[in-house]
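Residue-level structure breakdown
Here is how the chains run, residue by residue.
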Amino acid sequence: MSHCILRIALDTPLHAVFDYRWPCAATERPQVGHLALVPFGRREVVGIIVGVADDTDVPEEKLKDALAVRLQLAPLPAQWLALAGFAAEYYQRPLGEVALPGVPKNLRLPTTVALDRAIKKLAKTAIGHDPAPVGMPELNPEQQRAADAIGGAEGFAPMLLYGVTGSGKTEVYLQACAQVLARDEHAQILVLVPEINLTPQLESNIRARFPGVMVATLHSSLAEGERMLHWLAAHQGQARIVLGTRLAILASLPHLRLIVIDEEHDPSYKQQEGLRYSARDLAVWRAWQLKIPVVLGSATPSLESWHHAQSKRYRKLELRERAVKQAVLPAVKLINMEHDKPDGGVTMQLKAALRQRLERGEQSLLFLNRRGYAPVICCDSCGWVSDCQRCTAFMVLHKGEFKLRCHHCSLEMRIPRHCPTCGNIDLQPLGRGTQRIEENLREWFPEARILRIDADSTRRKGSAQEAFDTVHRGDVDILIGTQMVAKGHDFKKLTLVGILNPDTALFSQDYRASERLFAQLMQVAGRAGRTAQAEGGSASEVLVQTRYPEHPLYAALVRHDYDRFAGALLAEREQAGLPPYLYQAMLRAEAPELAKALEFLQAARDCMQGEDIAQGITLNDPIPMSMTRVYNVDRAQLLAESPSRPALQAFLKEWMARLRDMKSRVKWSLEVDPVDI
Ligand code: ADP
Ligand code: ZN
Ligand code: ZN
């Protein structure tokens, strides 16, 4: 019997593909892209065939047989493997480690029971063939122009849809989708959103508008069975629209014709562990590879995308006005906390504005990006503070649960009755989180319906959705929340937004902090005044409590002037030699002792010296991370930089090979294009 050799990528940290023998003649010949079950160490695992060959360098006695090939599942297309290959190379990871997590777990099981049942179920699913949308509103001329530009684009066409909050970007996407679906009976569209759970409106909108096409969703809170069904629907070309979070960028979509990235500035497009990829960057690469349009939508684009738009690499489509007639952007006012000293975290002026909204039956939103009751408790007599024993961080007071909790390692303890050092029984909370503000609000406005939305209040599955429904129904007078409430919600009855304590981010060491803060404030401000002002109702306003009212960031916020602010930030970045004018990669190391982590990084730095370092590459000194210790390990980092992306890529490739050869016991990882520095 004649055999062939299958080259298989497996989900392991080893930078290699593995050869297996397979009786090719006896069965249908497997193809590149098929999944195969193989023995690996003591386990049986599923990998992806990335090559079929006649012979191998692996000696006969070491060569093992593949156990099965999943011929019932169409092979992953070459363009998909190319995407995984690009991501693996760009982020300096093995191919299998990138590609396999892109395939649902149920398809990677040793048995095919789940797979066969799936496939059967999908075969039975009636597929609509009517791409015609229903209930589409008439677009305003700006929206129409943008929709036509996207829907009619040919070839690789990256576009930035820059539209103020409430300008109706969603309708533009939907119209553009309708055009693409109508033109090509197989066309598939990928729509990426930061967090599906926080913005369920989009999913229901899409389903309602396109009743005749199959819509699949891909995000991390799907059950495995569901995830496999949706993934297969995309892979087999049945799903015409795939809506998902960042992980959906690795979905197999054989007929992909358009990619939409909503709220493209959102940090959740960056995966922060394992393969630290940017779904937005991969989306642009994927569009380039397939020669299709890609739309990045935002009211506050990332500086990277803004820079591309300014330099005409991306086409800029603008929506300058709110879509709903008479809905105007809220007036943004600064409250100087030096003059109007806050009591319980809220100034007189903001309290008065809240009272006025209550009297008129309108909704208010208070934004504070800090959950818990207080960020720390302390002892006035000896200076003890509630440090986490495992992290360079405070234990946060969660008063309702009688607990202190570390938000980094999840360590919990009961609130001590007295100071652990001096015995003082009068321990004080310091600072304010959302729970404390909620408590204060209930005291000040006992008659008001108050709702808090943050990670603590929405732990239970489905509870975030319920909470947002309550707001949409109008059953809430005052909403208090973290960045969870800032995202794309279309709260129709909201006329006041209060921003409680934004100043801390102004002086962060992280050069991206001001970009992020500005985007966040613009977004949360954008929740107000989204409908026509009712007769006799309040004009919508945003009140920002600050000690630095003269700061340029706030001045830009007051003018809703993203353009100028982004321009100023870009000029600063260019001058300081920071991204997007410079490309970076961060090598991180962690060890029980800081010295070991630093020592490794120093060795990593030393292993590329002199002629090894191509021109234009800078290797900075190893330094401890600003939050050095998390869960009993110390962390340090070393930044590599270059004005040339290809130069940095070439350098990283060589560098990583040498680091792998060092076989250090220190745990290390590389992040290309890091966002938290
Ligand atoms: P954005 O995502 O740009 O912040 P949305 O897509 O949420 O804005 O739209 C804001 C509001 O405007 C929504 O209530 C939407 O239904 C409405 N809207 C959008 N386009 C139109 C239109 N052409 N005519 C009437 N209402 C519209
Ligand atoms: Zn004490
Ligand atoms: Zn901790």
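Positions within a chain are numbered from 1, following the residues in the order the chain's sequence is written. Chains carry letters from A onward and ligands carry numbers from 1 onward, assigned in written order. Local features are withheld for residues below a pLDDT of 70 in this predicted model, meaning they are given only at 70 or higher, and side-chain atom pairs are given and counted only at 80 or more; totals for whole chains, interfaces and linings count all residues.

Test applied: UniProt positions are given in the numbering used here, feature names are shortened, and annotations may be inferred rather than shown by experiment.
As recorded in an unreviewed UniProt entry, the protein goes by the name Replication restart protein PriA, listed as coming from Pseudoduganella albidiflava. What the UniProt record of the protein gives under Subunit (unreviewed entry) is the line "Component of the replication restart primosome." Among the UniProt annotations of the protein, the heading Sequence similarities (unreviewed entry) holds the following wording: "Belongs to the helicase family. PriA subfamily."

Let's talk about the nonpolar core
Generally speaking, nonpolar side chains in soluble globular proteins are found buried as a group. We count it as follows: Any nonpolar core is a set of buried residues, restricted to Ala, Val, Leu, Ile, Met, Phe, Trp, Tyr and Cys, that join up through C-beta atoms within 7 Å. Here a residue counts as buried when 20 or more other C-beta atoms fall within 10 Å of its C-beta, as exposed when 12 or fewer do, and as partly exposed in between; the C-beta atoms come from the backbone. The helix count covers DSSP runs of H or I at least four residues long, the strand count covers runs of E at least two residues long, and both are numbered beginning at the N terminus. In this description, any two residues whose backbone-derived C-beta atoms lie within 7 Å of each other are considered to be in contact.
Formed by 178 residues in total, the largest nonpolar core has its most connected members in Ile8, Ile241 and Val242. Counting residues per element, this core draws most heavily on helix α5 (residues 169-183), at seven residues. Leave out the neighbours within four places in its chain, and Val242 touches Gln188, Leu190, Ala216, Leu218, Ala234, Ala248, Ala251 and Leu253.

Here we look at the site of ligand 1
Formally: What makes a residue near a molecule or strand is its C-beta atom, placed from the backbone, lying within 6 Å of it. Lys, Arg, Asp and Glu make up the charged group, whereas Ala, Val, Leu, Ile, Met, Phe, Trp, Tyr, Cys and Pro make up the nonpolar group; the residues left over, Gly among them, are polar. Note that the domain bounds reflect an automated or database-derived domain assignment.
Surveying the vicinity of ligand 1 reveals 18 residues, the closest of which are Gly168, Lys169, Thr170, Glu171 and Ala323. It is α5 that contributes the most residues to the shell around ligand 1, three residues altogether. When grouped by side-chain class, the residues that make up the shell around ligand 1 number four nonpolar, nine polar and five charged. Residue contributions to the shell around ligand 1 reach at least three from each of two domains, namely domain 2 (141-319) and domain 3 (331-372 + 432-574).

So, the sheet that holds strand β7 (residues 157-163)
To be explicit about the condition: In short, DSSP must find at least two bridges between two strands for them to pair. Lines fitted to C-alpha atoms define the axes, with helix axes restricted to the stretch in contact, and inter-axis angles between N-to-C directions lie between 0 and 180 degrees.
With respect to topology, seven strands assemble into an open sheet ordered β9-β10-β8-β11-β12-β7-β13, the strand pairing being parallel. In this open sheet, the two edge strands, each paired with only one partner strand, are β9 (214-218) and β13 (315-319). Direction aside, the axes of adjacent strands within the sheet are offset by 20° on average. Helix-sheet contacts for helix α7 (residues 224-235) involve β9 and β10 (239-244), and the interaxial angle to β9 is about 125°.

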